[in-house]
Amino acid sequence: MMRIDVLTLFPQIFAPMHASMMWKAQDHQLLDLQLHDIRDYTQNKHRTVDDTPYGGGGGMLMRVDVVVAAVEAVRGDDICPVILLSPQGRVFNHRIAVELSQQPRLILVCGHYEGIDERVRELVITDDISIGDYVLTGGELAAMVLMDAIVRQIPGVLGAEGGADRESHADGLLEGAHYTRPAEFRGLGVPEVLKNGNHGEIDRWRRLDSIRRTWHNRPELLRHAALTDAEKYYLATLAMNKK
Ligand code: ADE
């Protein structure tokens, strides 16, 4: 069972973790999710967690003494990744999700206000992760994005065994098109190849459709994709705008 501890000023934001697949992962004892309120680790009677920045500039920062006390109390003597969610971190992706899903334990620290005292990073943070080049009001949504992407990689969480191997990004490509009944809707049909039961042909068609979609939506991904000569030829025809 994987354990994830989340340190936040707003544990109530994590309600979505109690529904659907994230709930199922916990119910089936594949995930032990523990939410901790950083405010519980304040020493002062007003329970303040933030203060004004040295040097001015406005905004409030999370205090080093409070956040470090919270991390150390939760971590105990364990050695595990302590990840700060912040827009300054390395950008999260599928590879990082797979790597982190192999850890027995993770601690996620959600920043708030204008940021966090730099000494928190020096003292307890092992990894700084961003979910993209935009700024959120706090790290909570980012922590949930990480957890969702990580937890669905844990064996047994997804229904179909190996379901996570064939999806977008698993092989560096986007997934192609999928169809289900009805066979015709508003004049739109389903590609014949998917209906003829020839699985060799179906696999080849899916692979090319995946290359086609990646070319249109995320061409930069193709630079690192492992393509056969036939697939490179297909890509060249796309690039020449013939298909
Ligand atoms: N906190 C604020 N913005 C963020 C981002 N883009 N990624 C992770 N944490 C954040």
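Thresholds applied
Residues numbered from 1 in each chain as written. Predicted model: local features only at pLDDT ≥ 70, side-chain atom pairs only at ≥ 80, totals over all residues. Heavy atoms only, no water. Helix = DSSP H or I, 4+ residues; strand = E, 2+ residues; numbered from the N terminus. Rg over C-alpha atoms; globule rule 2.2 N^0.38 Å. Buried < 20%, exposed > 50% of the residue type's maximum accessible area, 1.4 Å probe, protein only. Contact = heavy atoms within 4.5 Å. Areas by Shrake-Rupley, 256 points an atom, 1.4 Å probe, with all protein chains shown as cover. Lys, Arg positive; Asp, Glu negative; His and termini not counted. Charge placed at Lys NZ, Arg CZ, Asp CG, Glu CD. Patch = residues over 30% accessible without salt bridge, like charges linked within 9 Å, V, L, I, M, F, W, Y side chains within 5 Å. Salt bridge = Lys/Arg side-chain N within 4 Å of Asp/Glu carboxyl O. Domains from an automatic or database assignment. Near = heavy atom within 4 Å. Polar contact = N/O pair within 3.5 Å; in protein donor to acceptor, adjacent residues only side chain to side chain. Arc of directions from axis to C-beta. Pairing = 2+ DSSP bridges. Axes fitted to C-alpha atoms, helices over the stretch in contact; angles between N-to-C directions.

A.B. asks: Explain the overall build of the chain residue by residue, including any values.
C.D. replies: Within the chain, the regular secondary structure consists of 7 helices and 8 strands. For 243 residues, the compact-globule formula gives about 18 Å, and the C-alpha radius of gyration of the chain, at 23 Å, lies well above that figure. Seen through its C-alpha atoms, the chain measures out along the principal axes to roughly 70 × 40 × 40 Å. Out of the 243 residues belonging to the chain, those deemed buried represent 40%. In the chain, the share of contacts with a sequence separation of at least 24, taken over all contacts with a separation of at least 6, comes to 74%. Summing over all exposed atoms, the chain offers an accessible surface of approximately 14400 Å²; the carbon and sulfur share of this is 52%. Side-chain charges in the chain split into 27 positive and 34 negative, and the spacing between the mean points of these groups amounts to 7 Å.

A.B. asks: If you had to explain a nonpolar patch on the surface to someone new, which residues and values would you point to?
C.D. replies: Taken together, the side chains of Tyr134, Leu136 and Leu141 make up a nonpolar region of the molecular surface, amounting to roughly 290 Å² of accessible area. Position of leucine 141 among the secondary structure elements: in helix H5 (residues 140-151).

A.B. asks: Go over the domain arrangement of the chain with me, naming the residues and quoting the values.
C.D. replies: Domain parsing of the chain yields domain 1 (2-151) and domain 2 (168-242). Of note, the centres of domain 1 and domain 2, computed from C-alpha atoms alone, are 38 Å apart.

A.B. asks: So what about the site of the ligand? Which residues, and what values?
C.D. replies: Close to the ligand lie Leu85, Ser86, Pro87, Ile129, Ser130, Ile131, Gly132, Tyr134, Val135, Leu136, Gly138 and Ala142. Here a nitrogen atom of the ligand sits 3.0 Å away from a polar atom, N or O, in the main chain of isoleucine 131. Tyrosine 134 is positioned such that a nitrogen or oxygen atom in its backbone is 2.8 Å from a nitrogen atom of the ligand. When isolated, the ligand has an accessible area of 260 Å², and the protein chains bury 96% of it. Contributions of two or more residues to the shell around the ligand are made by strand S5 (82-91) and strand S8 (127-130). Considering every element that reaches the shell around the ligand, the biggest residue donor is S5, with 3 residues.

A.B. asks: Give a detailed account of helix H7 (residues 229-239), specifying residues and quantitative values.
C.D. replies: Turning to H7, its buried residues number three or more, namely Glu231, Tyr234, Leu235, Thr237 and Leu238. Projected down its long axis, H7 shows its buried positions confined to an angular sector of 155 degrees, all on one face. Across from the buried face of H7, at angles greater than 90 degrees, the exposed residues are Asp229 and Tyr233. The inward-facing, buried residues of H7 contact helix H6 (199-217).

A.B. asks: Requested: an account of the sheet that holds S8, with residues and values cited.
C.D. replies: Strand order in the open sheet made by the 5 strands is S2-S1-S6-S5-S8, with parallel pairing throughout. Of all the strands in the sheet, just strand S2 (31-37) and S8 have a single pairing partner and so form its edges. For this sheet the average axis-to-axis angle between neighbouring strands, irrespective of direction, equals 35 degrees. With 5 bridges connecting them, S5 and S8 associate as parallel partners. Among the inter-strand pairings, leucine 85 is bridged to a residue of S8, identified as isoleucine 129. Sheet strands touched by helix H2 (residues 64-75): strand S1 (2-8), S2, S5 and strand S6 (105-110). Its angle to S6, the strand with the most contacts, is close to 160 degrees. On top of the sheet, helix H3 (residues 94-101) reaches S1, S5, S6 and S8; it is set at about 170 degrees to S5, its chief contact.

A.B. asks: Tell me what's going on with the sheet that holds strand S7 (residues 115-116), and back it up with residues and numbers.
C.D. replies: One open sheet accounts for 3 strands, arranged S3-S4-S7; its pairing is mixed. Strands with a single pairing partner mark the edges of an open sheet, and in this sheet they are strand S3 (50-51) and S7. In terms of strand pairing, strand S4 (residues 61-62) meets S7 through 2 bridges, oriented parallel. The residue of S7 that forms the bridge with methionine 62 is isoleucine 116.

A.B. asks: Any chance you could break down the pattern of salt bridges for me, citing the residues and the numbers?
C.D. replies: One pass over the structure, following the stated rule, counts 17 salt bridges. The closest approach of N and O atoms between glutamate 118 and arginine 121, which form a salt bridge, is 2.9 Å. One end of the pair is glutamate 118 and the other is arginine 121, both in helix H4 (residues 118-123) and 3 residues apart, which spans about a single turn. A relative accessible area of 45% means that glutamate 118 is categorised as partly exposed. According to the relative accessible area criterion, arginine 121 is buried, its value standing at 18%. Residues participating in the shared-partner salt-bridge network are Arg3, Asp5, Asp78 and Arg105.

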